[in-house]
Amino acid sequence: MNIVANLLVFTLAGLMGVIASAQMVIQADHSVLQPQINRDTEGFKSCGMRALVSTFHSGYYQTYDLSLNIYADTLYGLMKAGKSSITKAALLAGTKKPIQTHLPAPVKFWIGKESEGKGFYPTKFIPAQNKGFVLGGGDFIIALETITAMMQGERIQFAIRYPNEPGDVVIAFSPSMPEHEIKPLLACVSGVIQRIKAAGEEDK
């Protein structure tokens, strides 16, 4: 009986360690998608999605600003990320103080479908022109799949980590986009892919 009891205590202790190291998942209160389409003289040059995702967490209303794009002249996806916040007290008081962009910029971020373990994880980071934001390049195919998933309304998870934060806080949201915005974005995605294929044929 003592062996069973000791085994149970050991198992529970292990589970508590796993729970303690697990990432917190917060359900977004509101999200807005904005298609991003860029053309040049050759046609569609880049396209993607901007997501503005708002949550109330730890006394702050926070708006996460994420943009994920693919480009015809590179085989990398590119993500831009940052956030702004205002305290609940300031919001309720109707203060004219502007919403503050979180500084310094994040040091890590990722985004992906909730139903899949592998998401878009940038491997190269560069500062963005906007203070409090950073750019990260990563896998082209995963970026494309994530953009497509958002167009299709699949549930998405992401995380943005800042300096001195011990771990990721994962935000989940359900994107929604009207049909008249989806069609041109689909055309752009198709155009970028065709342009990449054409460039590959020329290099042969």
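Residues numbered from 1 in each chain as written. Predicted model: local features only at pLDDT ≥ 70, side-chain atom pairs only at ≥ 80, totals over all residues. Heavy atoms only, no water.

Visitor: So what's going on with empty space enclosed by the protein? Which residues, and what values?
Guide: Counted according to the given criterion, the structure contains one cavity of 30 Å³ or more. The computed volume of the largest cavity comes to approximately 50 Å³. Lining the largest cavity, in full, are Gly112, Lys113, Glu116, Lys118, Gly119, Phe120, Ile142, Glu145 and Thr146. Of all elements in the fold, only strand 7 (108-113) and helix 3 (140-151) reach the threshold of two or more residues within the lining of the largest cavity. The greatest single-element share of the lining of the largest cavity, amounting to three residues, is contributed by helix 3. (1 Å grid on protein atoms, 1.4 Å probe; cavity = no way out; pocket = protein on both sides within 12 Å on 5 of 7 lines; lining within 4 Å. Points joined across faces, edges and corners; volume = space filled by probe spheres on them. Helix = DSSP H or I, 4+ residues; strand = E, 2+ residues; numbered from the N terminus.)

Visitor: Lay out the pairing of strand 4 (residues 60-71) with the relevant residues and their values.
Guide: As defined by bridge partners, strand 3 (residues 43-57) adjoins strand 4 across 12 bridges and the pair is classed as antiparallel. Considered in strand 4, the bridge of Ala51 is made with Leu66. Counting the residues that bridge the hairpin from strand 3 to strand 4 gives two residues, and of these Ser58 lies at a positive phi of roughly 55 degrees. For strand 4 and strand 5 (residues 76-87), the ladder comprises 11 bridges, and the chain directions are antiparallel. Within the sheet, the bridge partner assigned to Leu68 lies in strand 5 and is Met79. Between strand 4 and strand 5, which pair antiparallel in sequence order, lie four residues. (Pairing = 2+ DSSP bridges.)

Visitor: Could you give an account of the layout of surface pockets, with specific residues and numbers?
Guide: Each pocket or cavity is described by its volume, and for the largest pocket that value is around 310 Å³. What lines the largest pocket is a set of 16 residues, and nearest its centre among them are His57, Gln62, Lys83, His102 and Glu165. Sorting the residues of the lining of the largest pocket by element identifies strand 4, strand 5 and strand 6 (100-101) as the ones contributing at least two each. By residue number, the principal contributor to the lining of the largest pocket is strand 4, which donates three residues. The residue makeup of the lining of the largest pocket, split by class, is six nonpolar, eight polar and two charged. (Nonpolar A, V, L, I, M, F, W, Y, C, P; charged D, E, K, R; others polar.)

Visitor: Go over the pattern of salt bridges with me, naming the residues and quoting the values.
Guide: Applying the stated criterion to the full structure yields six salt bridges. The partner of Arg50 in a salt bridge is Asp65, and the shortest N-O contact between them spans 2.6 Å. You can see Arg50 sitting in strand 3 and its partner Asp65 sitting in strand 4, a full 15 residues away along the chain. In this structure, Glu116 engages Lys113 in a salt bridge whose closest nitrogen and oxygen atoms are separated by 3.1 Å. Members of the salt-bridge network, linked through shared partners, are Lys108, Arg161 and Asp168. (Salt bridge = Lys/Arg side-chain N within 4 Å of Asp/Glu carboxyl O.)

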